[in-house]
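Notes for the structure review
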Amino acid sequence: MNKADYLRMAFFNIKSNPVRTLLTMLGIIIGTACLIAVYALGRGGEWRIRDELQKFGIQRVWVYSCIDQNDQAPALTMVDASYLEQTLKGVESVQPTAYLQAGLKGPVGNAQVQLRGCTWGIEQEEGFKLLSGRTLSFRDAREARSVIVLPQAVARQLFGEQQAVGQSVGISGIEFRVIGVLQDDSALGSGSTARCMIPLTTMQRYLGRTTIDEIALTLDNGDAVEPVAQVAQQLLDQRYQGQGYFRTVTLSKETQLASNIVLVFLLIIASVAALSLLVGGIGVMNIMLVTVRERRQEIGVRKALGATRRQILAQFLLESVLIALGGGLGGMLLGTGLTLIAASAIGLPVMLDGMVYLAAAGFSAIVGVFFGTYPARQAARLEPIAALRQG
């Protein structure tokens, strides 16, 4: 018998009992579907978590002065920001920022807010969403213009239902022109804790702020966050000839924690999937043992006609593997469908690739070989006369 004959016989025997074959495949179908769905949704969930953390600065390092804990620590200045930008490697941009509590006066009402003095281009780093108008520009910063960007809730407090862009608000007796309004889901916050953006140069020139509160470093490589944070702290300590004058903050721990949570979730669901595959494999073994008993006469005839133990073993092992692969294929289709439905329902990206399908096919084949070996050996060990008598 050649390989084609083995395949024809295997497919014929599998098709002769379609209901039994389908029930045998069921455990493998469920297990494989779980593996596909867990992989895709797990990757999609991890991507979503990283995407959310990206908005808060997963590739950023924040530098602060320890002046509130150490009286000898100096306050940060623009010179420090320029020094770090010129000295550190792998830094894409530097964003010095200062904060100042202030009262805003508008035509409809007043608002107590926190002013955020920052440089142009900050919306690219922090992903602010504009409702109307524009954000701070290079010319705003260079010319220290009296312009301001308001969160939506603050704009409503100051102007009611009127269009805020183009109107003016008063801050410490100075008129600031509103150039943009941000959506409420912006990282700047809303209500009494809202942060209204003005150029840092404007805050320094008109509101008397000479120092800055933080320096945000955006890196071109997220893996270098911790090393850059350590170097930045050391550089500033050396610059001021002190120790512990400055501290740095990153989101590395939060990112690692999020990844660990996703990993635990994946391991739990993958364990359930593995258990389903185990149950499916046991089902394959039981059905193949029943098949061996039902086909004793066939085995006896084939042995009497010269079939070797290896040929009998190969025949039954091939049937076992085909059943397992069929279950794996069904599981791939079911898992893909479940993934598409679940991802659409919860708003996750679908992240499937060819490797997960190859792995699923490989696992199915391994299950077929592992759980089909014992029944195949039982069939191969039958003696022709005993098999014909018992058949």
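Residues numbered from 1 in each chain as written. Predicted model: local features only at pLDDT ≥ 70, side-chain atom pairs only at ≥ 80, totals over all residues. Heavy atoms only, no water.

1. Concerning the overall build of the chain
A count of helices and strands for the chain gives 13 helices and ten strands. Computed over its C-alpha atoms, the radius of gyration of the chain comes to 34 Å, more than 25% above the 21 Å expected for a compact globule of 391 residues. Taken along its principal axes, the extent of the C-alpha atoms in the chain is 110 × 55 × 30 Å. Within the chain, the proportion of its 391 residues that are buried is 43%. The contacts of the chain with a sequence gap of at least 6 include a subset with a gap of at least 24, amounting to 79%. Of the roughly 20000 Å² that the chain leaves accessible, carbon and sulfur atoms contribute 59%. For the chain, the distance from the average position of its 35 positive side-chain charges to the average position of its 30 negative side-chain charges is 13 Å. (Helix = DSSP H or I, 4+ residues; strand = E, 2+ residues; numbered from the N terminus. Rg over C-alpha atoms; globule rule 2.2 N^0.38 Å. Buried < 20%, exposed > 50% of the residue type's maximum accessible area, 1.4 Å probe, protein only. Contact = heavy atoms within 4.5 Å. Areas by Shrake-Rupley, 256 points an atom, 1.4 Å probe, with all protein chains shown as cover. Lys, Arg positive; Asp, Glu negative; His and termini not counted. Charge placed at Lys NZ, Arg CZ, Asp CG, Glu CD.)

2. Description of the pairing of strand β6 (residues 168–171)
The two faces of a sheet get side chains in turn, since along a regular strand they alternate between them. In this structure, β6 lies alongside strand β7 (residues 174–182), joined through four bridges in antiparallel fashion. Its bridge partner being in β7, Gly170 is matched across the sheet by Glu175. (Pairing = 2+ DSSP bridges.)

3. Description of the pairing of strand β3 (residues 110–118)
Counted residue by residue, β3 has seven buried out of nine residues, so it is predominantly covered. Sheet topology places strand β2 (residues 91–105) next to β3; eight bridges connect them, and they run antiparallel. Bridge pairing in β3 links Ala98 to Gly117. In this antiparallel pair of consecutive strands, β2 and β3, the connection spans four residues. Strand direction decides the pairing type here: β3 and strand β8 (residues 195–199), joined by five bridges, are parallel. Counterpart to Cys118 in the pairing with β8 is Pro199.

4. Things to note about the packing of helix α11 (residues 309–346) against helix α12 (residues 354–381)
Their axes nearest at 7 Å, the elements α11 and α12 cross at an angle of 150°. With respect to their mutual orientation, α11 and α12 come out roughly antiparallel. Viewed along their axes, α11 and α12 form a crossing whose handedness is right-handed. Split into classes, the residues belonging to the contact of α11 with α12 amount to 17 nonpolar, seven polar and three charged. (Axes fitted to C-alpha atoms, helices over the stretch in contact; angles between N-to-C directions. Parallel < 35°, antiparallel > 145°, perpendicular 65-115°, else oblique. Left-handed = near helix turned anticlockwise from the far one by under 90°. Nonpolar A, V, L, I, M, F, W, Y, C, P; charged D, E, K, R; others polar.)

5. Quick word on a nonpolar patch on the surface
A contiguous nonpolar patch, built from Val19, Leu23, Leu26 and Ile30 and spanning about 380 Å² of accessible area, is present on the exposed surface. For Val19, the location among the structural elements is in helix α2 (residues 18–56). For Val19, a relative accessible area of 59% puts it in the exposed group. (Patch = residues over 30% accessible without salt bridge, like charges linked within 9 Å, V, L, I, M, F, W, Y side chains within 5 Å. Salt bridge = Lys/Arg side-chain N within 4 Å of Asp/Glu carboxyl O.)

6. Let's talk about the nonpolar core
In this structure, Leu84, Leu104, Leu115, Ile148, Leu150, Ile215 and Leu217 are the most contacted members of the largest nonpolar core, which totals 44 residues. Broken down by element, the residue count for this core peaks at six residues, all from helix α8 (residues 225–239). Non-local contacts of Ile148, meaning those with residues more than four positions away in its chain, are made with Leu104, Leu115, Val169, Ile171, Phe176, Arg177, Val178, Ile179, Gly180, Cys196, Met197 and Ile198. Counting residues in hydrophobic clusters, the runner-up holds 22 residues, among them Met25, Phe316, Ala376 and Ala379. (Core = buried A, V, L, I, M, F, W, Y, C linked by side-chain atoms within 4.5 Å.)

7. Quick notes on the side chain of Thr339
Within the secondary structure layout, Thr339 lies in helix α11. A relative accessible area of 1% means that Thr339 is categorised as buried. Other than its neighbours up to four places away in sequence, Thr339 contacts Ile36, Ala37, Ala40, Leu41, Val350 and Leu352.

8. Section: the layout of surface pockets
Space inside the largest pocket adds up to approximately 290 Å³. Among the secondary structure elements, those contributing two or more residues to the lining of the largest pocket are α3 (78–87), β2, α4 (122–126), α5 (138–142) and α7 (200–206). Residue classes in the lining of the largest pocket are distributed as eight nonpolar, eight polar and two charged. (1 Å grid on protein atoms, 1.4 Å probe; cavity = no way out; pocket = protein on both sides within 12 Å on 5 of 7 lines; lining within 4 Å. Points joined across faces, edges and corners; volume = space filled by probe spheres on them.)

9. What about the confidence of the model for the chain?
Across the chain, the average pLDDT comes to 84, with 93% of residues at 70 or higher. Within the model, pLDDT remains below 50 along residues 186–193, and this stretch shows 16 contacts once partners closer than five positions in the same chain are excluded. (pLDDT = per-residue confidence, 0-100.)

10. Points about the packing of helix α10 (residues 296–304) against α11
Here α10 crosses α11 at 145°, and the two axes come no closer than 10 Å. Like other packed secondary-structure pairs, α10 and α11 cross with a definite hand, here right-handed. In contact with Ile299, Arg302 and Lys303 of α10, α11 contributes Arg309, Gln311, Ile312, Gln315 and Phe316.

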